[in-house]
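One-letter residues, chain by chain:
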Amino acid sequence: MTEVVLELAGVVKRFDENEVLRGVSITLHRHEVVCLIGASGSGKSTLLRCANLLETIDAGTISFLGQSLQDPRIDPDLVRHHIGMVFQSFNLFPHLSVLNNILIGPVYSLKRRRAEVREEALALLERIGLRDRADDYPDRLSGGQQQRVAIARSLAMRPTLLLLDEVTSALDPTLVGEVLDLLTDLAHQGTTMLIATHEMNFARDVANQVVYLDSGVLVEQGSPEEIFDHPKHQSTRNFLERVR
Amino acid sequence: MGRRGVVASALSSVIILGAIFAIFWFAPGGPTVRYFFFNPHLMWQAFVGDPHQGLLSVGKGLVTNLWMFTLSEVLVLILGLLIAWVRLSQSPVLFPFRVLATMYTDVFRGVPVLLVMYMVGFGLPELNLGFISNQSPAVYGCAVLTISYSAYVAEVYRAGVLSVPHGQLLAARSVGLTHTATMRRVILPQAVRTVIPPLLNDFVSLQKDTALVSVLGAIEATRAAQIYGDTVFNFSGYTVAAVLFLLLTIPMTRFTDHLIAHDRNRRLAGT
Ligand SMILES: Nc1ncnc2c1ncn2[C@@H]1O[C@H](COP(=O)(O)OP(=O)(O)OP(=O)(O)O)[C@@H](O)[C@H]1O
Ligand SMILES: [Mg+2]
């Protein structure tokens, strides 16, 4: 198969006494989409944050493009140039216009020239259908539009890997579609993504692999058909029963 | 407010103000109070001073208050920021400094400024430490105001930074910004909006507290008014000092209220 982008091996994460990830191993290849499913509190967000070093892990290893991220010589800020993240609550910068939200990463992290990135940013806005809102402030946009801008903000860094944490959970049901459509497009264009989601139909459509987490334990992983149609474990079945 | 509203509020203002004025004017001691506190001739004399009678000008005294609070405010902005920065730091190396900074803010928000004034103003000269012990009362006054108010302002800054949601930090780090760039481009610009009104409030009290250096013998507006009162046996000088302080602080308090209302409207309109 193609190059391995992200590899988690036996990852353990504790918050004080609370063991939130208990030896999780996941391998993600280039152009692959992996969906993380599991009940609230099962550790999905924590796993994503560990993957881009917003949290440190207590045991195991995470490697990115074959390089261990636990190596003390690694600069986390540089790693994050290549790993984008999109949040449930958008977290757009309210004091910056839509365009400047998208430019902030390339200009202040990658130190690229604003004039040069501007064209790319406008092209991104065109692609998400918000070219005419470039100069608006985020609080003028609907939730769905804000989340699309947040995705564009990550894409502007041209990340190798995109982490998405329940990006439709805070949205009005009528706005979920526009965001999922964008993600489906990205998947078809070969964007490598690790997606925590409660949208099972979406996971079935786009995922190459589905991973089921329960209380920090990776219970089961496999193709969407394996997980959704022929789950092997009782706890997976119970979970799917509940979300249907 | 409709037409009836305007009439009603005008009427109630006239009645209330008229009542207050009537109490003041017709009270048994009214004429006495007017003579001792609001004597126009003496008020003018207190304002300009009279060197022949050894009377200091309250107006000139105010110049001392002016430069004292201007200097203190600049120093407070800097020292407060430094203390807040230490308290907000995460680095293990800075741990002892964090403890010191926390103690500092606890102590100086707890001890009355007047007491600090006595300790510094009378204590430091006793040290016989050359430069440190030779300063004028006004300089000690500035030092005290800076020390005390930095503790308040540090907490104002800190609250401002903490008021920015954690998600903003996560989002900024996720687009690769360093800690410093995150502070500069994302956290501080948002914190400033929350910080300005309470900061201006603290500055209004700082301006008033410049009057406290009078206990060290510095000749500022309050002290000049006191000397005037002791010499002429009339308190009109205090009234002059009060009016002058009001002229200084009212623009600031009005401006602060304006900012708060503006921010509130923005919040109600937005999101
Ligand atoms: N910063 C933290 N400090 C302490 N405990 C935490 C912290 N972050 C998460 N946890 C705990 O870790 C566990 C897993 O949380 P996490 O947010 O990863 O779950 P999740 O699967 O994303 O849930 P959800 O579907 O509700 O988003 C929870 O028990 C939570 O209380
Ligand atoms: Mg979560």
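Everything numeric here is computed off the predicted structure, so don't read it as measured data.

**Here's the deal with the overall build of chain A**
Phase 1 of the analysis: A tally of helices and strands in chain A yields 9 helices and 10 strands.
Phase 2 of the analysis: Here chain A has a C-alpha radius of gyration of 18 Å; the compact-globule value for 244 residues is 18 Å, and the two agree.
Phase 3 of the analysis: Dimensions along the principal axes, computed over C-alpha positions, put chain A at roughly 55 × 45 × 40 Å.
Phase 4 of the analysis: Taking all 244 residues of chain A together, the buried fraction comes to 57%.
Phase 5 of the analysis: Counting contacts in chain A only where the partners sit at least 6 residues apart, residues at least 24 apart contribute 66% of the total.
Phase 6 of the analysis: Carbon and sulfur atoms make up 45% of the accessible area of chain A, which totals about 10800 Å².
Phase 7 of the analysis: Distance between charge centres in chain A, computed from 25 positive and 33 negative side chains, equals 4 Å.

**As for the site of ligand 1**
Residue and element names in this part refer to chain A.
Phase 1 of the analysis: The environment of ligand 1 is formed by 13 residues, the closest being Ser40, Gly41, Ser45, Thr46 and Glu166.
Phase 2 of the analysis: Within the side chain of Ser40, one N or O atom sits 2.5 Å away from an oxygen atom of ligand 1.
Phase 3 of the analysis: In isolation ligand 1 exposes 630 Å². Once the protein is present, 61% of that is buried.
Phase 4 of the analysis: Breaking the shell around ligand 1 down by element, the ones donating at least two residues are strand S2 (18–29) and helix H1 (44–51).

**Points about the interface of chain B and chain A**
Phase 1 of the analysis: Every contact between the two is made by 18 residues of chain B and, on the other side, 22 residues of chain A.
Phase 2 of the analysis: Carbon and sulfur atoms supply 61% of the area buried between chain B and chain A, which totals about 1700 Å² over both sides.
Phase 3 of the analysis: For the pair chain B and chain A, the interface holds 1 salt bridge.
Phase 4 of the analysis: Between Arg173 of chain B and Asp77 of chain A there is a salt bridge whose closest N-O contact spans 3.0 Å.
Phase 5 of the analysis: Applying the counting rule to chain B against chain A returns 8 residue pairs in polar contact (both at pLDDT 80 or more).
Phase 6 of the analysis: If you list the elements that add at least two residues to the side of chain B that touches chain A, you get helix H8 (166–174) and helix H9 (179–209) of chain B.
Phase 7 of the analysis: Of the residues assigned to the side of chain B that touches chain A, the class counts are 7 nonpolar, 8 polar and 3 charged.

**Side note on the side chain of Ser174 of chain B**
Phase 1 of the analysis: Along the chain, Ser174 of chain B turns up in helix H8.
Phase 2 of the analysis: A polar atom in the side chain of Ser174 of chain B sits 2.7 Å from the backbone oxygen of Leu170 of chain B.
Phase 3 of the analysis: Apart from residues lying up to four places away in sequence, Ser174 of chain B is in contact with Asn52, Leu54, Arg80, Ile83, Gly84, Met85 and Phe87 of chain A.

**Quick notes on the packing of aromatic side chains**
Phase 1 of the analysis: For the structure on display, the rule yields 11 aromatic pairs over all chains.
Phase 2 of the analysis: Ring geometry for Phe36 of chain B versus Phe235 of chain B: centroids 6.3 Å apart, planes at 45°, classification tilted. Of this pair, Phe36 of chain B sits in helix H2 (residues 30–37) while Phe235 of chain B sits in the loop between helix H10 (221–232) and helix H11 (236–269), placing them 199 residues apart in sequence.
Phase 3 of the analysis: A cation sits over an aromatic face here: Arg153 of chain A above Phe93 of chain A, 4.6 Å from the ring centre.
Phase 4 of the analysis: The aromatic ring of Trp25 of chain B is capped on one face by Arg34 of chain B, whose charged end is 3.7 Å from the ring centroid.

**Thoughts on the sheet that holds strand S7 (residues 161–165) of chain A**
Residue and element names in this part refer to chain A.
Phase 1 of the analysis: One open sheet holds the 6 strands; their spatial order is S6-S7-S8-S3-S9-S10, and the pairing between them is mixed. Edge positions in the sheet fall to strand S6 (83–86) and strand S10 (217–222), since each has one partner strand and no second. When strand polarity is set aside, the average angle formed by the axes of neighbouring strands in this sheet is 15°.
Phase 2 of the analysis: By the bridge criterion, 4 bridges tie S7 to strand S8 (residues 193–196) in an arrangement that is parallel. Directly across from Leu164, in S8, lies its bridge partner Ile195.

**Things to note about the pattern of salt bridges**
All names here are of chain A.
Phase 1 of the analysis: Applying the stated criterion across every chain yields a total of 17 salt bridges over all chains.
Phase 2 of the analysis: Measuring nitrogen to oxygen at the nearest pair gives 3.7 Å for the salt bridge that ties Lys44 to Glu166. In this pair, Lys44 sits in helix H1 while Glu166 sits in the loop between S7 and helix H6 (173–188), placing the two residues 122 residues apart along the sequence. With respect to burial, Lys44 and Glu166 carry one shared label: buried.
Phase 3 of the analysis: For the salt bridge of Arg112 with Glu120, the shortest nitrogen-to-oxygen distance reads 2.5 Å.
Phase 4 of the analysis: The exposure class assigned to Arg112 is buried, which follows from its relative accessible area of 17%.
Phase 5 of the analysis: Its relative accessible area of 25% is what places Glu120 among the partly exposed residues.
Phase 6 of the analysis: Look at the salt bridges and you will find they share partners, linking Arg112, Glu116, Glu120 and Arg158 into a network.

**A few points about the sheet that holds strand S5 (residues 67–68) of chain A**
Residues and elements named next belong to chain A.
Phase 1 of the analysis: Spatially, 4 strands are ordered S2-S1-S4-S5 in an open sheet, and the strand pairing comes out antiparallel. Since the sheet does not close on itself, it has two edges, and those belong to S2 and S5, each with one partner.
Phase 2 of the analysis: Sheet analysis places strand S4 (residues 59–64) next to S5, joined by 2 bridges and oriented antiparallel. Across the sheet, residue Ser63 finds its bridge partner in S5, namely Ser68.
Phase 3 of the analysis: Seen against the sheet, H1 touches strand S1 (4–15), S2 and S4 and runs at an angle of roughly 60° to S2.

**What about the confidence of the model for chain B?**
Phase 1 of the analysis: In this model, chain B carries an average pLDDT of 91, and 97% of its residues clear a pLDDT of 70 or more.
Phase 2 of the analysis: ipTM for the predicted complex: 0.94, alongside a pTM of 0.81.

Cut-off values and rules
Residues numbered from 1 in each chain as written. Chains lettered and ligands numbered in written order. Predicted model: local features only at pLDDT ≥ 70, side-chain atom pairs only at ≥ 80, totals over all residues. Heavy atoms only, no water. Helix = DSSP H or I, 4+ residues; strand = E, 2+ residues; numbered from the N terminus. Rg over C-alpha atoms; globule rule 2.2 N^0.38 Å. Buried < 20%, exposed > 50% of the residue type's maximum accessible area, 1.4 Å probe, protein only. Contact = heavy atoms within 4.5 Å. Areas by Shrake-Rupley, 256 points an atom, 1.4 Å probe, with all protein chains shown as cover. Lys, Arg positive; Asp, Glu negative; His and termini not counted. Charge placed at Lys NZ, Arg CZ, Asp CG, Glu CD. Near = heavy atom within 4 Å. Polar contact = N/O pair within 3.5 Å; in protein donor to acceptor, adjacent residues only side chain to side chain. Buried area = accessible area lost by both parts, 1.4 Å probe. Salt bridge = Lys/Arg side-chain N within 4 Å of Asp/Glu carboxyl O. Nonpolar A, V, L, I, M, F, W, Y, C, P; charged D, E, K, R; others polar. Phe/Tyr/Trp six-rings, centres within 6.5 Å; stacked < 30°, edge-to-face > 60°. Lys NZ or Arg CZ within 6 Å of the ring centre and 35° of its normal. Pairing = 2+ DSSP bridges. Axes fitted to C-alpha atoms, helices over the stretch in contact; angles between N-to-C directions. pLDDT = per-residue confidence, 0-100.

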